[in-house]
Amino acid sequence: MTAILVVDDEKEIGTFLSHLFLEKGYRVDVMSCGSEFLQIELETCFYDLALIDLKLPDTNGLMILEKIKQHQPNCKVVIMTGYSTIETAVRAIKLGASDYIEKPFDDIDLLEEQIDQLLLKTPTRGGQHVTNLANEVGFIIGSNQTMVELAELAYKVANKNINVLIEGETGTGKEVLARFLHQASSRNYSSFIGVNCGALSESLLESELFGHEKGSFTGATKQRKGLFEVATNGTLFLDEVVEASSSIQVKLLRVLESKEFMRVGSEKVIKTNARIIAATNENLFEAVKQKKFREDLYYRLNVVHLVIPPLRERIEDIPLLLNYYLQRYPEVKLAFTDEAMDMLQHYSWPGNIRELTNFVTRLVAIEDANEAIIGAEQLPFSVQPQKETLPAKVKSNVAEMSPNHKLKEIIEKWMNKTLNKYEEEEVNLEEILSEMKGLETEVARAFINKALDKTYGNRKAASKQLHINLRKLRYLLNEKEK
Ligand SMILES: Nc1ncnc2c1ncn2[C@@H]1O[C@H](COP(=O)(O)OP(=O)(O)OP(=O)(O)O)[C@@H](O)[C@H]1O
Ligand SMILES: [Mg+2]
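Residues numbered from 1 in each chain as written. Chains lettered and ligands numbered in written order. Predicted model: local features only at pLDDT ≥ 70, side-chain atom pairs only at ≥ 80, totals over all residues. Heavy atoms only, no water.

**Q** Help me understand the domain arrangement of the chain, please; the structure alone is not making it clear to me.
**A** Accessible area lost upon the coming together of the parts serves often as the stated size of an interface. Entries for the chain in the domain assignment read domain 1 (3–121), domain 2 (129–307), domain 3 (311–383) and domain 4 (430–482). Taking only C-alpha atoms, the centre of domain 3 and the centre of domain 4 are 34 Å apart. (Domains from an automatic or database assignment.)

Right, dumping it as structure tokens:
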């Protein structure tokens, strides 16, 4: 028989819930405080589900949650709370609660549905469901404990209309996680709209977010809806939120507090119910400390805080991710020797999963055979362990120098050689630097000549190919003629 425990000091709630469950044929025990709960012999009296009020007269619901989970890890715990304590409810989920429900219960059908679902779900079925949903948006969870817990927490809060802040280094999958939250929510029938707060000027971002009326500024030739309006039933993803100017931050705070805003050039108040997910590469709390980001806005956005670990901290998932991306090219069957895989797992992946996807694309592109086993020596230089001769400072500069990996590899190789060469000689850095200036021009000319060869001497086409303007190309060639 299904057994349910209710701990709540509000008598009406206890009576209501016990009627509800007795009707379904469940056994129900109702307690009104912590000391009563402590009388239960948890070693022998088992429950399938416990509904616990967060605020009890003599204790905190979190203490009861921990005690139950300690003795009966399979018992589902639901925390009951008022809106003002939502942050604590989220903490409860982190401590192992399955869900939380807000009091007073507005929608009894929804409450019943939530509870029925919890009673139905076995832990493995729940886990499988999360994985399936994640696959739908290309979000590989893997087996790293931090990632598994992160995905579970994301899944649990997906359906709540609360704001989520996602932090993580570049390329760790912040947008993918945001899409997963959207997919796992009941808003998934509506749109997921992303806006990069760092990519637009202040006025453009303002009109993008809030919309504008015709004629409200030069260039506003027609009325435009803002994203808060367009995404009202869906999810609005504020990417790089730390980049929003202080005036946009004020406006964001206002709309998050009141769920209302006005289009630029209008005084009409518009309501929005968009679910907000914000993301940043930076530690947002640090930005608050440095006065770059408003503290009040930080707390509004950060109701749930999800931090994605960098790839180098989840190396057990690297084989899975490599295979996932290799499967996108079914025409080429590639595998790695153990040594190569070990090297890939110990590489630092500064560009995280994005770098890994680029790595796979490149590997497939340069592989001639349809089937190959890649050995350590065939891996690009950048992935190979760095030579100790290269000082750490130089190493990190090289890593940051250019997104163009090919160039990075060449320079790194060259630098190793050069440093070795100078090992026993006296170094005159000024001379080296001036020689390098000359080399720079030579390299530029070599690229230009190659492009001119390809374009049969067409300077305009060559400059286009090289992403420089014609004047610059001429300038560099003129130097040659001097
Ligand atoms: N968990 C994951 N499973 C599979 N692919 C992933 C995962 N996370 C990220 N990726 C892939 O890595 C790339 C970068 O992901 P995404 O754009 O979400 O990163 P980001 O953290 O938003 O990066 P940035 O800070 O640069 O905006 C994408 O191609 C994405 O598909
Ligand atoms: Mg992103």
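**Q** Got a minute to help me understand unusual backbone geometry in this structure?
**A** Cis geometry marks the peptide bond from K103 to P104, where omega comes out at -5°. We note that E240 has phi near 50°; this positive angle belongs to a residue other than glycine. With respect to the secondary-structure elements, E240 resides in the loop between strand 10 (235–239) and helix 11 (246–258). Of note, W349 is a non-glycine position whose phi angle comes to about 45°, a positive value. Within the secondary structure, W349 sits in the loop between helix 15 (338–346) and helix 16 (352–366). Using a relative accessible area of 0% as the deciding quantity, one classes W349 as buried. (Helix = DSSP H or I, 4+ residues; strand = E, 2+ residues; numbered from the N terminus. Buried < 20%, exposed > 50% of the residue type's maximum accessible area, 1.4 Å probe, protein only.)

**Q** What am I meant to see in the pattern of salt bridges here?
**A** Opposite charge on two side chains permits them to pair, given that their charged atoms come into close proximity. With the rule as written, the count across this model stands at 18 salt bridges. In this structure, the salt-bridge partner of E206 is K251, at a minimum N-O distance of 3.0 Å. Separated by 45 residues along the polypeptide, E206 in helix 9 (residues 202–210) and K251 in helix 11 bring together distant segments of the chain. (Salt bridge = Lys/Arg side-chain N within 4 Å of Asp/Glu carboxyl O.)

**Q** Could you clarify how one ought to interpret a nonpolar patch on the surface in this entry?
**A** Together, W414, V427, L429, L433, M436 and L439 make up a nonpolar patch on the protein surface, roughly 550 Å² of accessible area in all. Of all the elements, helix 19 (residues 429–454) adds the most residues to the nonpolar patch, at four residues. Relative to the helices and strands, M436 resides in helix 19. Overall, M436 belongs to the partly exposed group, its relative accessible area being 35%. (Patch = residues over 30% accessible without salt bridge, like charges linked within 9 Å, V, L, I, M, F, W, Y side chains within 5 Å. Areas by Shrake-Rupley, 256 points an atom, 1.4 Å probe, with all protein chains shown as cover.)

**Q** What exactly am I supposed to notice about the packing of aromatic side chains here?
**A** For any pair of aromatic rings, geometry is given as the distance between the ring centres together with the angle between the planes. Scanning all chains against the criterion turns up 13 aromatic pairs. Seen in terms of ring centroids, Y298 and Y299 are 5.1 Å apart; in terms of plane orientation they differ by 75°. Their pairing is edge-to-face. What makes Y299 partly exposed here is its relative accessible area of 40%. When the ring of Y324 is compared with that of Y325, the centres are 4.9 Å apart and the planes differ by 85°; the resulting orientation is edge-to-face. Within the aromatic cluster, the residues linked to one another by ring pairs are F336, Y347, W349 and F359. Sitting above the plane of the Y100 ring, K160 keeps its charged end 4.6 Å from the centroid. (Phe/Tyr/Trp six-rings, centres within 6.5 Å; stacked < 30°, edge-to-face > 60°. Lys NZ or Arg CZ within 6 Å of the ring centre and 35° of its normal.)

**Q** I would appreciate a short explanation of the sheet that holds strand 7 (residues 192–196) in the present structure.
**A** Two strands in a sheet stick together by hydrogen bonds in their backbones, pointing the same way (parallel) or opposite ways (antiparallel). Spatially, the five strands line up as an open sheet ordered 7-10-13-6-14, and their pairing is parallel. Pairing within the sheet leaves two strands with one partner each, and these edge strands are strand 7 and strand 14 (304–307). Taken pair by pair, the neighbouring strands of this sheet meet at an average axis angle of 20°, ignoring direction. In terms of strand pairing, strand 6 (residues 164–167) meets strand 14 through four bridges, oriented parallel. Directly across from I166, in strand 14, lies its bridge partner L306. (Pairing = 2+ DSSP bridges. Axes fitted to C-alpha atoms, helices over the stretch in contact; angles between N-to-C directions.)

**Q** Mind showing me how you'd approach helix 9 here?
**A** Every α-helix winds through 3.6 residues per turn, so residues three or four apart in the chain are directed the same way. Among the residues of helix 9, L205, E206, S207, L209 and F210 are the ones counted as buried. Buried residues along helix 9 sit in contact with strand 7, strand 8 (211–212), helix 10 (227–230), strand 10, helix 11 and strand 11 (260–262). G211 lies just past helix 9 and shows a positive phi near 80°. (Contact = heavy atoms within 4.5 Å.)

**Q** What should I look at first to understand the site of ligand 1 in this one?
**A** Among the 16 residues in the neighbourhood of ligand 1, the closest are listed as I140, T170, K174, N281 and Y325. One of the backbone N or O atoms of T172 is found 3.4 Å from an oxygen atom in ligand 1. Contact distances for ligand 1 include 3.1 Å between an oxygen atom and a backbone N or O atom of G173. Contact with the protein chains removes 84% of the 630 Å² of surface that ligand 1 exposes when unbound. For the shell around ligand 1, the secondary structure elements donating two or more residues are helix 8 (174–183), helix 14 (318–326) and helix 16. It is helix 8 that contributes the most residues to the shell around ligand 1, three residues altogether. Class assignment of the residues belonging to the shell around ligand 1 gives a composition of six nonpolar, six polar and four charged. Split by domain, the shell around ligand 1 shows at least three residues from each of two domains, domain 2 (129–307) and domain 3 (311–383). (Near = heavy atom within 4 Å. Polar contact = N/O pair within 3.5 Å; in protein donor to acceptor, adjacent residues only side chain to side chain. Nonpolar A, V, L, I, M, F, W, Y, C, P; charged D, E, K, R; others polar.)

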